[in-house]
Amino acid sequence: VLVGMYPIGMIIYSVLIYFKNEKWARIFGLIAVVQAISTHWYTGVVMQLNPARHPNHTAMAAMLFLIGAFVSGIGLLNLMLWIRDKMVKEESRLDPQMYFGLAQLMLFGIVLDLFLVFSEFMQMTYGTEEEYHVLELVRTVFYFPVAGVYIFGALIVPLIIFISPFGKTKTGVLVASACTAGGIYGMRIGWVLMSQFSQTFF
């Protein structure tokens, strides 16, 4: 139900924005935000309650999915706003400060995501046989999607950009946004494939 209602809420919100109905757009915008949070959180909860698949069976699943959606969503929004500005007249373009405001939110999400990933891997290192098995998969078979695309591409590279002078420019924000928007896909793919690869019976 949540997955189905989320895009409907966004469509209604977009139509109201188009017709400049600010009052109802604000109401449906808040509803869409709640639906989005519920959808990603619920996905993580469903996965963490599956004891037969070791990568899923962790209390971090819901938070990692939610924070990942938060970070990648902001990155994708920055890119969409940049494309929109290329298609409208100069007087209708957004204030460049909006990109930097969204970048600050994305930086907060990246730091939190890195902290959660570090906590999860530290627990795996000193965990049970099944948990250490997941860590071995990340270090070997699924090194590229998880360590390369997700941790390095979606989190570490944007973090380095944001704390460097390059991150104070609009181009730097857009590069970091592209890395994050695409890199979170590595986490999703790696998580699903690892779960299929390490399935056991409970």
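Residues numbered from 1 in each chain as written. Predicted model: local features only at pLDDT ≥ 70, side-chain atom pairs only at ≥ 80, totals over all residues. Heavy atoms only, no water.

A few words now on the packing of aromatic side chains. Tallied over the full model, the rule gives one aromatic pair. Look at Trp24 and Phe28: their rings are 6.3 Å apart centre to centre, the planes differ by 45°, and that puts the pair in the tilted class. Residue Trp24 and its partner Phe28 are located together in helix α2 (residues 22–48), separated by four residues, close to a single helical turn. A relative accessible area of 42% places Trp24 in the partly exposed class. (Phe/Tyr/Trp six-rings, centres within 6.5 Å; stacked < 30°, edge-to-face > 60°. Helix = DSSP H or I, 4+ residues; strand = E, 2+ residues; numbered from the N terminus. Buried < 20%, exposed > 50% of the residue type's maximum accessible area, 1.4 Å probe, protein only.)

Turning next to the packing of helix α3 (residues 60–87) against helix α4 (residues 97–125). Contact geometry of α3 with α4 gives a least axis separation of 9 Å together with a crossing angle of 155°. With respect to α4, the element α3 is oriented roughly antiparallel. Judged by the twist between their axes, the crossing of α3 over α4 is left-handed. Of the residues belonging to the contact of α3 with α4, the class tally is 20 nonpolar, five polar and three charged. (Axes fitted to C-alpha atoms, helices over the stretch in contact; angles between N-to-C directions. Parallel < 35°, antiparallel > 145°, perpendicular 65-115°, else oblique. Left-handed = near helix turned anticlockwise from the far one by under 90°. Nonpolar A, V, L, I, M, F, W, Y, C, P; charged D, E, K, R; others polar.)

Further remarks concern the environment of Leu66. As for its position among the elements, Leu66 is in helix α3. Not counting residues up to four positions away in its chain, the partners in contact with Leu66 are Ile37, His40 and Trp41. (Contact = heavy atoms within 4.5 Å.)

Attention shifts here to a nonpolar patch on the surface. Nonpolar side chains collect at one region of the surface, where Val33, Ile37, Trp41, Tyr42 and Val46 lie side by side and expose about 490 Å² of accessible area between them. Summarising the element assignment, Trp41 is placed in helix α2. (Patch = residues over 30% accessible without salt bridge, like charges linked within 9 Å, V, L, I, M, F, W, Y side chains within 5 Å. Areas by Shrake-Rupley, 256 points an atom, 1.4 Å probe, with all protein chains shown as cover. Salt bridge = Lys/Arg side-chain N within 4 Å of Asp/Glu carboxyl O.)

Three or four residues apart is the spacing at which side chains of an α-helix point the same way, because the helix has 3.6 residues per turn. A rise of 1.5 Å per residue sets the reference length of helix α6 (residues 143–162), with its 20 residues, at 28 Å; its end C-alpha atoms lie only 25 Å apart and thus fall more than 12% short of the reference. Roughly 45° is the biggest bend found in α6, and it falls at Phe152. Among all positions of α6, only Pro145, Val146, Ala147, Tyr150, Ile151, Gly153, Ala154, Leu155, Pro158, Ile161 and Phe162 are buried. Lining the buried residues of α6 we find α3, α4, α5 (129–139) and α7 (170–197). (Expected span 1.5 Å × (residues − 1). Bend = angle between axes of the 7 residues up to and from the residue.)

Here we come to the nonpolar core. Leu64, Val146, Tyr150, Phe162, Trp191 and Met194 are the most contacted members of the largest nonpolar core, which has 35 residues in total. Within the residue set of this core, elements represented by two or more residues are α3, α4, α5, α6 and α7. Among the elements that take part in this core, α4 stands out by supplying eight residues, more than any other. Discounting residues that sit within four places of it in the chain, Tyr150 has contacts with Leu64, Asp113, Val117, Pro145, Leu155, Gly183, Ile184, Gly186 and Met187. (Core = buried A, V, L, I, M, F, W, Y, C linked by side-chain atoms within 4.5 Å.)

Below, the discussion takes up α5. Listing the buried residues of α5 in full gives Val134, Leu135, Leu137 and Val138. The buried residues of α5 occupy an angular sector of 155° when the element is viewed end-on, so they sit on one face. The exposed residues of α5 that point more than 90 degrees off its buried face are Glu129 and Arg139. Tucked into the core, α5 has its buried residues touching α4, α6 and α7. (Arc of directions from axis to C-beta.)

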